[in-house]
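Observations on the three-dimensional arrangement
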Amino acid sequence: MRVVTWQAIETLSIDEVAAPECGPSDVVVSVGACGICGSDVHSYTEGAWIAPSVPMGHEYAGTVIAAGSRVSGVSVGDRVAVNPAAPCGSCPRCTEGRHNLCSAGSGHSGGFGDQVVVRDAVAGQHLFVLPADFPLEEAAFLEPLSVAVRAVEHAEPPLDEPIVVFGLGTIGQCVVQVLLARGARDVIVVDTSPRRLAAALAAGAHEGLNPADCDVRASLFASRGTTASPYQPSSGAVGSVFECSGASPVLPLAFSLARAAAPISAIALAAHPLSLPVDDLVQKELRLLGSFAYTARDCQEAFDLLVSRRVDVRPLISHRFALADVREAFEAQRDPATSIKVVVSP
Ligand SMILES: [Zn+2]
Ligand SMILES: [Zn+2]
């Protein structure tokens, strides 16, 4: 069988390897679709978070082709979405339910390949059985949608106030849809890609702003008003902000847009350290929250949103490629003007 491995910057190889053996607690999945994550693109272009010969691909779904004797709840022939996270379950963070912060976890990578073995597979935790006919390319969004659910769950944004989402890659798009599914009444989306703005507006976002065409701060101060807080005579009136772009001007801008006590959720990784207006943070008691990965509970909620189509990821699929064309697929994903989510299928 084939698997895609990272070799060096902008160099992927498609390796021929032995098919995985299925132990008594394992499940082997024949991959049907695997999405390219923003982190995969950073690995591809910069060598971030990866080493030579490591298999790539963690956003995948497929069909069970082998299940060990100790596995229950999944059978050969089931079509499944895979949660690739494998926290240890016993470290201090896992013990308090923060499995996303596990200090000893591993993961099931290799979704850009013909088959993946999920070790110690537990149905409803690592594998979610899909309804009949639910497309595998949609099921491959389970992982990024779980990240979005985590961010919203963790930030607890007030849903009746303006919410600004910066950066409309897959995670930002999923954050928008999770907010709308929860009843958010005024979601403003910001991105430089007209394609990505249009997708978020089509999904129900209330207003789109392109920083290439307008001054986002002035526009939101004019349309959503301003607030005063201690030593801050002219703050914005935004109730919460989600930073999904990784662009360095965004967090300082978010500090200015937010009303006092607003949550600001940082989801995108930034390549470089930032300088931030700390006085805004202090004097407005902003709640600056990192959000990383997801817990099993977030994943279950993401699965429910996905299969009920209360989050509809179909319009987010911008390109489809065969596994043999994985390099072209990565090149397509790295262009924000034309891509949202590129899906690769063996
Ligand atoms: Zn990912
Ligand atoms: Zn752990």
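The structure displayed is predicted, hence computed values, not measured ones.

Analysis parameters
Residues numbered from 1 in each chain as written. Chains lettered and ligands numbered in written order. Predicted model: local features only at pLDDT ≥ 70, side-chain atom pairs only at ≥ 80, totals over all residues. Heavy atoms only, no water. Helix = DSSP H or I, 4+ residues; strand = E, 2+ residues; numbered from the N terminus. Rg over C-alpha atoms; globule rule 2.2 N^0.38 Å. Buried < 20%, exposed > 50% of the residue type's maximum accessible area, 1.4 Å probe, protein only. Contact = heavy atoms within 4.5 Å. Areas by Shrake-Rupley, 256 points an atom, 1.4 Å probe, with all protein chains shown as cover. Lys, Arg positive; Asp, Glu negative; His and termini not counted. Charge placed at Lys NZ, Arg CZ, Asp CG, Glu CD. Domains from an automatic or database assignment. Buried area = accessible area lost by both parts, 1.4 Å probe. Core = buried A, V, L, I, M, F, W, Y, C linked by side-chain atoms within 4.5 Å. Donors = N, O, S within 2.8 Å, 3.2 Å for Na, K, Ca; no water. Tetrahedral: all angles 85-135°; square planar, octahedral: opposite > 155°, others 65-115°.

1. Examining the overall build of the chain
Along the backbone of the chain there are 11 helices and 20 strands. Relative to the 2.2 N^0.38 estimate, which gives 20 Å for 346 residues, the radius of gyration of the chain is 20 Å and therefore close to what a compact globule would have. Residues counted as buried form 49% of the 346 residues belonging to the chain. Sequence separation of 24 or more characterises 67% of the internal contacts of the chain that already satisfy a separation of 6 or more. For the chain, the computed accessible surface area is about 14300 Å², with 53% contributed by carbon and sulfur atoms. When the 24 basic and 37 acidic side-chain charges of the chain are each reduced to a single mean position, those positions are 4 Å apart.

2. Here's the deal with the domain arrangement of the chain
The domain boundaries assigned to the chain delineate domain 1 (2-141 + 313-345) and domain 2 (146-290). Measuring from the centre of the C-alpha atoms in domain 1 to the corresponding centre in domain 2 gives 29 Å. Listed by partner, the interface residues are 13 residues for domain 1 and 11 residues for domain 2. Between domain 1 and domain 2, the buried area comes to about 1100 Å², and carbon and sulfur atoms account for 53% of it. Of all residues in domain 1, Leu-316, Pro-336 and Ile-340 bury the most surface against domain 2, accounting for 41% of the area lost on that side.

3. Some details on the nonpolar core
Formed by 49 residues in total, the largest nonpolar core has its most connected members in Val-165, Val-175, Leu-179, Val-189 and Phe-242. Of all the elements in the fold, those that place two or more residues in this core are helix 3 (136-139), helix 4 (142-155), strand 11 (163-166), helix 5 (170-181), strand 12 (187-190), helix 6 (194-202) and helix 10 (296-307). Here the element with the most residues in this core is helix 4; it accounts for eight residues. For this core, the two domains that each supply at least three residues are domain 1 (2-141 + 313-345) and domain 2 (146-290). Beyond its immediate chain neighbours, meaning those up to four positions away, Val-165 contacts Gly-172, Val-175, Val-176, Leu-179, Val-187, Ile-188, Val-189, Val-190, Phe-242 and Cys-244. Formed by 29 residues, the second largest nonpolar core is a distinct cluster that contains Tyr-44, Tyr-60, Ala-121 and Leu-127.

4. Let's talk about the coordination of the zinc ion (ligand 2)
Only Cys-88 (SG), Cys-91 (SG), Cys-94 (SG) and Cys-102 (SG) from the protein reach the zinc ion (ligand 2) as donors, at distances of 2.3 to 2.4 Å. Angles of 104 to 120° at the metal separate the four donor atoms of the zinc ion (ligand 2), which places the site in the tetrahedral class. One chain supplies every donor to the zinc ion (ligand 2), and in sequence these donors are spaced C-x2-C-x2-C-x7-C. By relative accessible area, which is 17% here, Cys-102 ends up buried.

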